[in-house]
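Take a look at the letters that make up each chain.
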Amino acid sequence: MSDFKQFIETLKAPGTIKVVNSMQALGEHDYSNCTSEDLEKVILSMQPNSPKAVITICYVLGLYAKYLQDDRLYQMVQELDKNSLWAKAKPNAPKKFISHAVFEDVCHDIGVYEDYNGFYLQTLFRCLYEGIYNDDMSVVKNLRASDVHGNVVTLREDSGRSYKLEVSTGLAEDLRELGQVDTWERKNRYGTVTIAIGGLHSDSCFKVENRKGSAQDSNYRFVYYRMLRKIVTDYLEYNILPLQLYVSGIMYRIRLKLQEHNISLMDAFAEDSRDRTVAKIISDELVRCNCDTEVRNFREMVKGHLEVFVE
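As the structure is a prediction and not an experimental result, all values here were calculated from the model.

Here we take up the pattern of salt bridges. One pass over the full model with this rule turns up 15 salt bridges. Between R156 and D147 there is a salt bridge, with the nearest N and O atoms lying 2.8 Å from each other. A residue is classified by how much of its surface remains accessible, and R156, at 36% relative accessible area, is partly exposed. The partner of R186 in a salt bridge is E209, and the shortest N-O contact between them spans 2.5 Å. Placement of the pair is R186 in strand 4 (residues 183-188) and E209 in the loop between strand 5 (191-196) and helix 11 (217-235), with a sequence separation of 23 residues. Here the salt bridges share partners, and the residues they tie into one network are E114, K230 and D234.

Next up, the structure:
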């Protein structure tokens, strides 16, 4: 058994074990005679995609050095300049978010170029960006046209919890219209075939196809994720997750609120920022969108990617 695997077996906290397990590539290197430059190369080879990822890799290396009882290695890890490492990693790091301009371009392109079910796909994409999202996608699954009143949408989680969210006029109108749609188009070798789709209710906005004849709860999330992957693959130059689309929309709305107070995004998210107005703007938008991430953790999530949102 390798030293790194033995090191993992000494860990107790489940969260730490999970993180370290995802970084087993760190155990493939010989650190006995490494230099600071060698350590930097190892960290950059892990392709960190955020400042937090750099810090996490360094943390794991520090734990490993302690396990090896290698004081020299531990001290080298502690002395690494994390900001400098992120500056070097950033040009090659995968992008995690999209700007509002890119969001609008994607919506436009879906409407123009998507041959099948473009209206459905466009509306699903806009929903997440405007704040209709939770981890299990139940607020999307449970959404009905009758839950849309003016610009306010009632969102219902599978847990039974419900809350209201104000969305754009355009999205509200599209959700009401989508609730009346009960067919799906697909290409086959003979041309186009129309297939019935269903949801939990006759006016469910995001009905799904079920080839076995009935829509089952366990299918919904995977169907939505598959659709979103298709959008990202076809209309974006890089991959983003549903959560990252949701956060991109939150950041756009935060930026608009900051502008009303003549506060730049970079100043608001600066590491030494203690502005109470900024904290309230961020907190209010997170609460509005039912995002249970703390302001501090949200700042950490977008840190290192702020230029995406500056337009």
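There is more to say after this.
What follows covers the nonpolar core. Counting residues in each nonpolar core, the largest one holds 67 residues, and the members touching the most others are I132, L175, F206, M251, F269 and F298. Among the elements that line this core, the one with the most residues is helix 11, at 9 residues. Not counting residues up to four positions away in its chain, the partners in contact with F206 are Y120, T123, L124, C127, V140, L143, L175, L178, Y220 and Y224. Residues C58, V60, Y64 and A65 belong to the second largest nonpolar core, which totals 27 residues.

This next bit is on the sheet that holds strand 1 (residues 148-149). On the basis of which strands lie adjacent, the open sheet formed by 3 strands has the order 1-2-3 and antiparallel pairing. Edge positions in the open sheet fall to strand 1 and strand 3 (162-166), since each of these has one partner strand only. Looking at chain direction, strand 1 and strand 2 (residues 152-156) are connected through 2 bridges and run antiparallel. When the bridges of strand 2 are listed, H149 appears paired with V152.

Let's shift gears to the pairing of strand 2. Look at any regular strand and the pattern is simple: side chains alternate between the two faces of the sheet. The loop that links strand 1 with its antiparallel partner strand 2 comprises 2 residues; one of these, G150, has a positive phi angle of about 65°. Pairing geometry for strand 2 and strand 3, over 5 bridges, is antiparallel. Paired with V153 across the bridge in strand 3 is L165. In this structure, the hairpin formed by strand 2 and strand 3 is closed by a connection of 5 residues, where G160 is found at a positive phi of approximately 105°.

Here the focus is the side chain of D203. Mapped onto the elements, D203 comes out in the loop between strand 5 and helix 11. Given the relative accessible area of 11%, D203 is considered buried. The residues touching D203, leaving out its near neighbours within four places in the chain, are L143, R144, A145, S146 and G179.

Okay, the pairing of strand 4 next. Bridge count between strand 4 and strand 5: 6 bridges; the pairing is antiparallel. When the sheet's bridge partners are listed, K187 is paired in strand 5 with T192. What sits between strand 4 and strand 5 in their antiparallel hairpin is a turn of 2 residues.

Parameters and conventions
Residues numbered from 1 in each chain as written. Predicted model: local features only at pLDDT ≥ 70, side-chain atom pairs only at ≥ 80, totals over all residues. Heavy atoms only, no water. Salt bridge = Lys/Arg side-chain N within 4 Å of Asp/Glu carboxyl O. Buried < 20%, exposed > 50% of the residue type's maximum accessible area, 1.4 Å probe, protein only. Helix = DSSP H or I, 4+ residues; strand = E, 2+ residues; numbered from the N terminus. Core = buried A, V, L, I, M, F, W, Y, C linked by side-chain atoms within 4.5 Å. Contact = heavy atoms within 4.5 Å. Pairing = 2+ DSSP bridges.

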